[in-house]
Amino acid sequence: AQSVTQLDSQVPVFEEAPVELRCNYSSSVSVYLFWYVQYPNQGLQLLLKYLSGSTLVKGINGFEAEFNKSQTSFHLRKPSVHISDTAEYFCAVRILSGGSNYKLTFGKGTLLTVNP
Amino acid sequence: NAGVTQTPKFRVLKTGQSMTLLCAQDMNHEYMYWYRQDPGMGLRLIHYSVGEGTTAKGEVPDGYNVSRLKKQNFLLGLESAAPSQTSVYFCASSYLRLAGGPVEQFFGPGTRLTVL
């Protein structure tokens, strides 16, 4: 079964610093990859997605992620964070074959806290 | 478009009581999902539906039932609530890509349920 590992449960950073949130997945077949953001007391909102093509994907709010097939990773980056980026971030994977291709598998989330 | 809406937003139940959570989407999506979110656990799939009149079990289906009588609605029922079902419940929907099945999921704002 596929799994998604978000290597850091919490990431504290200072405002205007760069940040990287790490995500690794386990799958031997092709995948779709997603990053979602959840602000306090809200639902999940799509930040960006990789379906095919360029391995560098740009999303909303200045975030980007790079798909690395050999390392089975999809790390999320932002060069300069704002206080308003404080939220929980979820990585998700969908495999493209087999009986489980209807669903997303989510990581456990990374809480990004941006301090002034 | 309202997107995905959930009713109610909050609910407190006593052990043994029953209730139904309603999810509605106005995007004409084929797939719909129910998740629960618990601290440190990420999102776990309860049940899902690949179309009107169809439902299937996810990772944690015990204690829940679902129905999808209309394409736009997906109901989650708790027949006899237990304190272990205290959680935040999210509904999501997804469209089909022509080649590759469902893509990203669109989430509702959540229902916070407490079972005493």
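Nothing here was measured: the structure is a model prediction, and the numbers come from that model.

Colleague: Quick one: what's the story with unusual backbone geometry, residue by residue and with numbers?
Modeller: Trans peptide bonds make up most of the peptide bonds, and negative phi angles are found at most residues other than glycine. Look at the link from T7 of chain B to P8 of chain B: it is a cis peptide, with omega at -5 degrees. With respect to the helices, strands and loops of the structure, P8 of chain B is situated in the loop between β1 (4–7) and β2 (10–13). Phi is positive for N41 of chain A, close to 60 degrees, though the residue is something other than glycine. Even without being a glycine, N28 of chain B presents a positive backbone phi close to 60 degrees.

Colleague: Report on the interface of chain A and chain B, specifying residues and quantitative values.
Modeller: Contact residues are listed per partner, giving 22 residues for chain A and 25 residues for chain B. Counting the surface lost from both chain A and chain B, the interface buries some 1800 Å², and carbon and sulfur atoms represent 54% of this. Counting the surface chain A buries against chain B, the share from its top three residues, L44, Y102 and F106 of chain A, is 30%. In this assembly, chain A and chain B are joined by one salt bridge.

Colleague: Break down the pairing of strand β12 (residues 110–115) of chain A for me, citing the residues and quoting the values.
Modeller: Residue and element names in this part refer to chain A. Judged by which residues are buried, β12 turns out to be one-sided: T110, L112 and V114 face inward and are buried, whereas L111, T113 and N115, on the alternate face, are not. Here strand β2 (residues 10–14) runs beside β12; their pairing, made up of five bridges, is parallel. Among the inter-strand pairings, F14 is bridged to a residue of β12, identified as N115. Here strand β10 (residues 87–95) pairs with β12 via three bridges, running antiparallel. Bridging across to β12, Y89 finds its partner in T110.

Colleague: Now, about the environment of S93 of chain B: what can you tell me, with residues and values included?
Modeller: Residues and elements named next belong to chain B. The residue S93 is located in strand β9 (residues 87–97) in this model. Sequence separation between S93 and F107 is 14 residues; the distance between their C-alpha atoms is 6.7 Å. In this structure, S93 is in contact with V4, Q25, M27, H29, Y31, M32, Y33, E104, Q105 and F106, ignoring residues within four places of it in sequence. At a separation of 2.8 Å, a polar atom in the side chain of S93 contacts the side chain of H29.

Colleague: Which residues make up the pattern of salt bridges, and what values go with them?
Modeller: Scanning all chains against the criterion turns up nine salt bridges over all chains. Between K71 of chain B and E30 of chain B there is a salt bridge whose closest N-O contact spans 2.9 Å. Linking K71 of chain B in the loop between β7 (64–67) and β8 (73–78) with E30 of chain B in the loop between β3 (19–25) and β4 (31–38), this pair joins segments that are 41 residues apart in sequence. Classification of K71 of chain B by relative accessible area gives buried; the value is 18%. Across the pair R44 of chain B and D38 of chain B runs a salt bridge whose closest N-O atoms are separated by 2.8 Å. Salt bridges sharing partners connect three or more residues here, namely E20, E66 and R77 of chain A.

Colleague: How would you sum up the packing of aromatic side chains? Please name residues and give values.
Modeller: In this structure the tally under the stated criterion is 13 aromatic pairs over all chains. For the pair Y25 of chain A and F67 of chain A, a centre-to-centre distance of 6.5 Å together with 25 degrees between the ring planes defines the contact as stacked. Here Y25 of chain A, found in strand β4 (residues 23–26), pairs with F67 of chain A, found in strand β8 (residues 64–68); they are 42 residues apart in sequence, far enough to count as distant. The pair formed by Y25 of chain A and F67 of chain A is uniform in burial state, with each residue classed as buried. Ring plane angle 35 degrees and centroid distance 5.7 Å describe the contact between Y35 of chain B and F107 of chain B, whose orientation is recorded as tilted.

Colleague: A description of the state of the cysteines should follow, citing residues and the corresponding values.
Modeller: Summed over all chains, the structure comprises two disulfides over all chains. Between the sulfur atoms of C23 of chain A and its disulfide mate C91 of chain A the distance is 2.0 Å. Residues C23 of chain A and C91 of chain A share a disulfide whose torsion about the S-S bond is about -70 degrees; that sign makes it left-handed. With C23 of chain A in strand β4 and C91 of chain A in strand β10, this residue pair connects regions lying 68 residues apart in the sequence. On the accessibility criterion, C23 of chain A (0% relative accessible area) is buried. The disulfide bridge from C23 of chain B ends at C91 of chain B, spanning 1.9 Å between sulfur atoms. Taking the torsion about the sulfur-sulfur bond, which here is approximately -75 degrees, the covalent link between C23 of chain B and C91 of chain B counts as left-handed.

Reading guide: rules and limits
- Residues numbered from 1 in each chain as written.
- Chains lettered and ligands numbered in written order.
- Predicted model: local features only at pLDDT ≥ 70, side-chain atom pairs only at ≥ 80, totals over all residues.
- Heavy atoms only, no water.
- Helix = DSSP H or I, 4+ residues; strand = E, 2+ residues; numbered from the N terminus.
- Contact = heavy atoms within 4.5 Å.
- Buried area = accessible area lost by both parts, 1.4 Å probe.
- Salt bridge = Lys/Arg side-chain N within 4 Å of Asp/Glu carboxyl O.
- Buried < 20%, exposed > 50% of the residue type's maximum accessible area, 1.4 Å probe, protein only.
- Pairing = 2+ DSSP bridges.
- Polar contact = N/O pair within 3.5 Å; in protein donor to acceptor, adjacent residues only side chain to side chain.
- Phe/Tyr/Trp six-rings, centres within 6.5 Å; stacked < 30°, edge-to-face > 60°.
- Disulfide = S-S within 2.5 Å.

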